[in-house]
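Reading the structure
If you want the building blocks of each chain, they are given just below.
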Amino acid sequence: MINETDDQKLHSGPVVAASLPLLLAFLTLMVSHHISRLTKELDNVVHSYGHWIPGSTGSGPTGSIGSYSGKETLALGVWLVSWLIFHLLWRKQDFPLQAWTRIFVIGLLIITLGFFHPLADPIVLFIADLVGAR
Amino acid sequence: MHTGEYIHDHFSKIVIRTQVAVALTLLLLLPAANFFYPTDYSMKAGIHGVSAILAIIIGTYLTHRSIPLIKGMHVRLESLRLWVLGATLLNLAGAISGNWIYMRYRGQEGPRDWILAHVPTFHNVLMEFKEFVSLFPFPLMLTATFTLYYYGMPIQHRRDITRFVGITILISWSFLILGFVAGLVLAKLRFV
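Quantities reported herein were computed from a predicted structural model and do not represent experimental measurements.

Some words on the overall build of chain B
Counting secondary structure elements, chain B contains seven helices and zero strands. Counting helices and strands in the order they occur from the N terminus, chain B gives α-α-α-α-α-α-α. Each of the three principal axes of chain B carries a C-alpha extent, and together these read 60 × 35 × 25 Å. Considering chain B as a whole, with its 192 residues, one finds that 45% of them fall into the buried category. The contacts of chain B with a sequence gap of at least 6 include a subset with a gap of at least 24, amounting to 76%.

Topic: the interface of chain B and chain A
It is common to give the size of an interface as the accessible area that goes away when the parts come together. Tallying the contact residues gives 35 residues for chain B and 38 residues for chain A. For the side of chain B that touches chain A, the elements supplying multiple residues, two or more each, are helix 3 (77-105), helix 5 (120-133), helix 6 (137-151) and helix 7 (159-189) of chain B.

Focus: helix 1 (residues 10-32) of chain B
The terminal C-alpha atoms of helix 1 of chain B lie 32 Å apart, and with 23 residues this matches the ideal 33 Å at 1.5 Å per residue to within 8%. In terms of burial, helix 1 of chain B is largely open, as just one of its 23 residues are buried.

Some words on the UniProt feature "transmembrane region" (unreviewed entry) in chain B
Residue and element names in this part refer to chain B. Within this structure's numbering, the places UniProt gives as "transmembrane region" (unreviewed entry) are residues 20-39, 45-62, 82-102, 132-152 and 164-187. Between the end C-alpha atoms of residues 45-62 the distance is 25 Å, and the span holds 100% helix and 0% strand. This span, residues 82-102, is 100% helix and 0% strand, and a straight line between its end C-alpha atoms measures 30 Å.

Observations concerning the confidence of the model for chain A
The predicted model of chain A averages 93 in pLDDT, with 94% of residues at 70 or higher. Note that pLDDT drops below 50 for residues 1-7 of chain A; the model gives that stretch eight contacts with residues more than four away or on any other chain.

What about the packing of helix 5 (residues 97-113) of chain A against helix 7 of chain B?
With their axes 10 Å apart at the nearest point, helix 5 of chain A and helix 7 of chain B run at an angle of 10° to one another. By the angle class used here, helix 5 of chain A and helix 7 of chain B are roughly parallel. The way helix 5 of chain A lies across helix 7 of chain B gives a crossing that is right-handed. Contacts between helix 5 of chain A and helix 7 of chain B pair Leu97, Gln98, Thr101, Val105 and Leu108 of chain A from the former with Asp160, Ile161, Arg163, Phe164, Ile167 and Ile171 of chain B from the latter. Considering only residue class, the contact of helix 5 of chain A with helix 7 of chain B consists of seven nonpolar, two polar and two charged.

Here we look at the confidence of the model for chain B
Residue and element names in this part refer to chain B. On average, residues of chain B score 95 in pLDDT, and 97% of them reach the 70 mark or higher. Averaged pLDDT values over the elements of chain B bottom out at 93 in helix 1 and peak at 98 in helix 6. In the predicted complex, the global pTM is 0.92; the interface-specific ipTM is 0.92.

Considerations on unusual backbone geometry
Unlike most non-glycine residues, Glu109 of chain B shows phi in positive territory, near 55°. Note on placement: Glu109 of chain B falls in the loop between helix 3 and helix 4 (111-118).

The rules behind the values
Residues numbered from 1 in each chain as written. Chains lettered and ligands numbered in written order. Predicted model: local features only at pLDDT ≥ 70, side-chain atom pairs only at ≥ 80, totals over all residues. Helix = DSSP H or I, 4+ residues; strand = E, 2+ residues; numbered from the N terminus. Buried ≥ 20, exposed ≤ 12 C-beta atoms within 10 Å, placed from the backbone. Contact = placed C-beta atoms within 7 Å. Expected span 1.5 Å × (residues − 1). UniProt positions renumbered as here; feature names shortened; annotations may be inferred. pLDDT = per-residue confidence, 0-100. Axes fitted to C-alpha atoms, helices over the stretch in contact; angles between N-to-C directions. Parallel < 35°, antiparallel > 145°, perpendicular 65-115°, else oblique. Left-handed = near helix turned anticlockwise from the far one by under 90°. Nonpolar A, V, L, I, M, F, W, Y, C, P; charged D, E, K, R; others polar.

In structure tokens, the structure reads:
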């Protein structure tokens, strides 16, 4: 049962504006994770973004989450800021959602594989050597 | 297209509800036992375990509710979005408590040290994967919640949007169960 008047009021923009930032945030998580593994200096840089999180520094038996806090902070920032911007830009726009759903799922799958070290590490090291980050 | 719902009779309702009650109680005992384990971190382990298994239970229930969404059938939206909101909060609790217990995991003579000394692959591959994909379910579920509340009732007329929400719930569950099983394997291997 389709109600044409209601249908016309709905825009698909906010759906894309809410979901594209997820890909960007997960990508940020992945990139910052691989960067932090290259050298101790790069790990410290990533870690410095997360110092506001309780338990981000320290040692001993209770431990700390270390540079994981910085990766989370960067991803959180990218997620929320890009969501806000995209939402303001696209709330009256329409996108082909069927195509976007496909891109979204495939994007998530690729990013997920990026966290699987046996698969991702050779690619990361290849890129790091190219840009001389190692 | 409007499709009627399958209505259970009295007997099947009793069977289903009894099964749910028994399974829920017994499954909850699995992580709740962590509170009584002989370790200084029993509180952290218990909270993370209980929030994780509750997220799994509600997430699994929601995968069933997401099927009519994907097929564009009529759904009870008010009830559905409350469940999705609940799942979002539980996933957030799982992520925060996960951060909390992760500190001890990385602590001196903690599970990480032990695993690296005995079976390093479980940390280098499994944990390094788990710690990140476990962060995915909360924002995915929040996106589903946002969409259901943002559009409200008229969402039922947009099959493409309900389909996206249904698929997002299924994906959220997939990452949840990946993280959950990996977490169980690691906790079994070396408890905090």
